[in-house]
Amino acid sequence: MSLIVPTFDDSVVVRAADAETVGAAPTTLRLLADSGSTGGALSAQRVSLLDGANGAAPHHHTRSAELFYLLDGTAQLLSGEQVVTAERGDLVIVPPGLPHAFAAAPGEDAEILIVITPGVERFEYFRHLARIAYGKVPPESLLEVQELYDTYFAESPTWNRTRTRT
C-alpha cells in the first residue's frame, strides 16, 4: 500500500459564489477543488441531477477511489455489479478498478458531493464533457483522454437494465 503525501501548505477555501459551474439542468456540476490545488490529495465537485437525470455512465479509475455523499435527494449508484439506492446522508465509496456510475433515482432529484482520491486533474475533463453536450466536439473524443483523466469507460448490463426499467 502506498501513502499519498499531499504537497500544499495553505487551506483550500472555495466560496460557493466562486465555484465554476459546468453544464445546465438537468445535470450541472460545480467544480470545487482540483488535484493541483490540493497537492494531489483529492479532487472534489458537487453534482446536481434533476428529475431522474443521468450523471456518469459506467466507468472505472485505475488509481483513485471515488466517494459519493448524498447531500440531498435520492440517487442510484452502480458499484461493480450492484446498484445501490442512496438517500440524503448516505455515503458510497468505490475502490480503484471497480466499475461505477451514478444518476438521480427515477423521478427524483439528487445533490451529490463527489471526492476522488488521490486527486486527478479533472476540471478540464468536465469542461470537455460540456463541449460534447453542446455539440462542439464528438463523444468519441473522450476515448483519446481516458488515460489522461484516469477514466476508462465500461459496459454494464446491470446498470443498463436498472436505468431502462425507469
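First, a word on what this report is: a plain description of the structure on this page.

1. Concerning the pattern of salt bridges
Then, number 1: A full pass over the atoms with the stated rule returns six salt bridges.
Then, number 2: In this structure, the salt-bridge partner of Glu20 is Arg127, at a minimum N-O distance of 2.6 Å. You can see Glu20 sitting in strand S1 (residues 20-24) and its partner Arg127 sitting in helix H1 (residues 123-133), a full 107 residues away along the chain.
Then, number 3: Of the residues examined, Glu20 reaches a relative accessible area of 31% and is grouped as partly exposed.
Then, number 4: Taking the shortest distance from any N to any O, the salt bridge between Glu124 and Arg131 comes out at 2.9 Å.
Then, number 5: A single network of salt bridges, built from pairs that share partners, joins Glu20, Glu124, Arg127 and Arg131.

2. Brief notes about the nonpolar core
Generally speaking, soluble globular proteins have nonpolar side chains that are buried together.
Then, number 1: Grouped together as the largest cluster of nonpolar side chains are 27 residues, with contacts concentrated most on Leu49, Phe68, Leu70, Leu77, Phe102, Ile112 and Ile114.
Then, number 2: Mapped by element, the contributors of at least two residues to this core are strand S2 (27-33), strand S3 (43-49), strand S5 (65-79), strand S7 (91-94), strand S8 (100-104), strand S9 (110-117) and H1.
Then, number 3: Among the elements that line this core, the one with the most residues is H1, at five residues.
Then, number 4: Ignoring anything within four residues of it in the chain, the contact list for Ile112 reads Gln45, Arg46, Val47, Leu49, Phe68, Tyr69, Leu70, Leu71, Ala75 and Phe102.

3. Topic: the layout of surface pockets
Then, number 1: Space inside the largest pocket adds up to approximately 680 Å³.
Then, number 2: Tallying contributions element by element places H1 first for the lining of the largest pocket, with six residues.

4. Things to note about the packing of aromatic side chains
Then, number 1: Throughout the structure, instances matching the rule amount to three aromatic pairs.
Then, number 2: On the numbers, 5.6 Å between centres and 70° between planes, the contact of Tyr125 with Phe126 is edge-to-face. With respect to class, Tyr125 is no different from Phe126; both count as buried.
Then, number 3: Ring centres 5.4 Å apart and planes at 55° place the aromatic pair Tyr125 and Tyr149 in the tilted group. With Tyr125 in helix H1 and Tyr149 in the loop between H1 and strand S10 (152-153), the pair connects residues that are 24 residues apart, well separated along the chain. Per residue, the accessibility class of Tyr125 equals that of Tyr149, and both read buried.
Then, number 4: Cluster of aromatic residues (ring-pair linked, three or more members): Tyr125, Phe126 and Tyr149.

Calculation criteria
Residue numbers here run from 1 along each chain, matching the order of that chain's written sequence. In keeping with the model being predicted, local features are shown solely for residues with a pLDDT of at least 70 and side-chain atom pairs are shown and tallied solely at 80 or more, while totals for entire chains, interfaces and linings include all residues. Side-chain metrics in this entry use all non-hydrogen atoms of the structure; hydrogen atoms and water are not considered. Counted as salt bridges are all cases of a side-chain nitrogen of Lys or Arg within 4 Å of a carboxyl oxygen of Asp or Glu. A run of DSSP states H or I qualifies as a helix once it reaches four residues; a run of E qualifies as a strand once it reaches two. Both are numbered from the N-terminal end. Under the scheme applied here, a residue whose accessible area is under 20% of the maximum for its type counts as buried, over 50% as exposed, and between as partly exposed, the area being computed with a 1.4 Å probe on protein chains only. Residue types Ala, Val, Leu, Ile, Met, Phe, Trp, Tyr and Cys, when buried and joined through side-chain atoms within 4.5 Å, form a set referred to as a nonpolar core. Note on definitions: a residue-residue contact is assigned when non-hydrogen atoms from the two residues lie within 4.5 Å. Only protein atoms enter the 1 Å grid used here. Points where a 1.4 Å probe fits but cannot escape make up a cavity, open sets with protein on both sides within 12 Å along at least five of seven lines make up a pocket, and a residue lines them when an atom lies within 4 Å of a point. Grid points are joined across faces, edges and corners, and a volume is the space filled by probe spheres set on the points. Side-chain rings of Phe, Tyr and Trp, where Trp is taken by its six-membered ring, are said to pair if the distance between their centres is within 6.5 Å; with planes under 30 degrees apart they count as stacked, over 60 as edge-to-face, and otherwise as tilted.

In short, the description is geometric, and any link to function would need to be established separately.
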